[in-house]
Amino acid sequence: MLKTYADQRARQFGISRAQWAVLVRIDRSEGLKQSELAEILDLQPISLTRLLDRLAENKLIERRADPNDRRANRLFLTPAARPLLEQLADLGQDMMATVLEGLDGKTVERMLRDLGLVKENLRAAINRNQTSQEAVAG
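Residues numbered from 1 in each chain as written. Predicted model: local features only at pLDDT ≥ 70, side-chain atom pairs only at ≥ 80, totals over all residues. Heavy atoms only, no water.

## Quick word on the overall build of the protein chain
In terms of regular secondary structure, the protein chain is built from six helices and two strands. Element order for the protein chain, N to C, with α for helix and β for strand: α-α-α-α-β-β-α-α. Here the protein chain has a C-alpha radius of gyration of 18 Å; the compact-globule value for 138 residues is 14 Å, and the former is much larger. Principal axes of the C-alpha set define a box for the protein chain whose edges measure 50 × 50 × 20 Å. A buried classification covers 25% of the 138 residues belonging to the protein chain. Total accessible area on the protein chain is roughly 9,900 Å²; 52% of this is exposed by carbon and sulfur atoms. Charged side chains of the protein chain number 22 positive and 20 negative; the gap between the two group centres comes to 3 Å. (Helix = DSSP H or I, 4+ residues; strand = E, 2+ residues; numbered from the N terminus. Rg over C-alpha atoms; globule rule 2.2 N^0.38 Å. Buried < 20%, exposed > 50% of the residue type's maximum accessible area, 1.4 Å probe, protein only. Areas by Shrake-Rupley, 256 points an atom, 1.4 Å probe, with all protein chains shown as cover. Lys, Arg positive; Asp, Glu negative; His and termini not counted. Charge placed at Lys NZ, Arg CZ, Asp CG, Glu CD.)

In structure tokens form, the structure reads like this:
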């Protein structure tokens, strides 16, 4: 439901929740390769390419050739993206205030801690599974 809500709210800026996520990740790590960003966002490369095409058409990102790899592009925000990211940050805060309404600070802290533990448990399980599969493959 949070994804649906984020999509609804992001539409006012002419973007989708997925495009919003791409912009935020590029902002955090400008110069990422498309393949690196796809891995971080857990997206198929073709799906990410479509998102990047739309963002580039809207002059929010630019692809620059990687000086060390002719096959790769590195991703950068354009100056036009900065004000939008500020508006999206405000929107995100407003959305979280709505979503967490009625929960006190201690409850939110506990929930975040518990969700962090769930995430770490999943990460460890994935790593164990990957290690065992690699051992079997030899």
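## Comments concerning the pattern of salt bridges
Oppositely charged side chains are able to pair whenever their charged atoms sit close together. Counted by the stated rule, this structure contains 13 salt bridges. Between Arg64 and Glu62 there is a salt bridge, with the nearest N and O atoms lying 2.6 Å from each other. The partly exposed category is assigned to Arg64, whose relative accessible area is 39%. Residue classification places Glu62 among the partly exposed positions, given a relative accessible area of 31%. (Salt bridge = Lys/Arg side-chain N within 4 Å of Asp/Glu carboxyl O.)

## Let's talk about the pairing of strand E1 (residues 61–66)
Two faces belong to every sheet, and in a regular strand the side chains alternate between them. Of the pairings in the sheet, the one linking E1 to strand E2 (residues 69–77) comprises six bridges and is antiparallel in character. Across the sheet, the residue bridging to Ile61 is Leu77, located in E2. Joining the antiparallel neighbours E1 and E2 is a turn of two residues. (Pairing = 2+ DSSP bridges.)

## What about the packing of aromatic side chains?
In total, this model carries zero aromatic pairs according to the counting rule given. The ring centre of Phe76 lies 3.8 Å from the NZ or CZ of Arg64, which sits over that ring. (Phe/Tyr/Trp six-rings, centres within 6.5 Å; stacked < 30°, edge-to-face > 60°. Lys NZ or Arg CZ within 6 Å of the ring centre and 35° of its normal.)

## Regarding the environment of Arg63
Checked against the element boundaries, Arg63 lands in strand E1. Linking Arg63 and Gly14, residues 49 residues apart in sequence, is a C-alpha distance of 21 Å. Excluding anything up to four places from it in sequence, Arg63 contacts Gln34, Thr49, Leu52, Asp53, Ala56, Asn73, Arg74 and Leu75. Among the polar contacts listed, one links the side chain of Arg63 to the side chain of Gln34, at a separation of 2.9 Å. Of note is the side chain of Arg63, whose polar atom sits 2.8 Å from the side chain of Asp53. (Contact = heavy atoms within 4.5 Å. Polar contact = N/O pair within 3.5 Å; in protein donor to acceptor, adjacent residues only side chain to side chain.)

## Section: the packing of helix H2 (residues 17–28) against helix H4 (residues 45–57)
At their nearest, the axes of H2 and H4 sit 10 Å apart, and the two run at 80° to each other. In terms of their interaxial angle, H2 and H4 are classed as roughly perpendicular. Contacts between H2 and H4 involve Ala18, Gln19, Val22, Leu23 and Ile26 on the former and, on the latter, Leu48, Leu51, Leu52, Arg54 and Leu55. Its residues assigned to classes, the contact of H2 with H4 comprises eight nonpolar, one polar and one charged. (Axes fitted to C-alpha atoms, helices over the stretch in contact; angles between N-to-C directions. Parallel < 35°, antiparallel > 145°, perpendicular 65-115°, else oblique. Nonpolar A, V, L, I, M, F, W, Y, C, P; charged D, E, K, R; others polar.)

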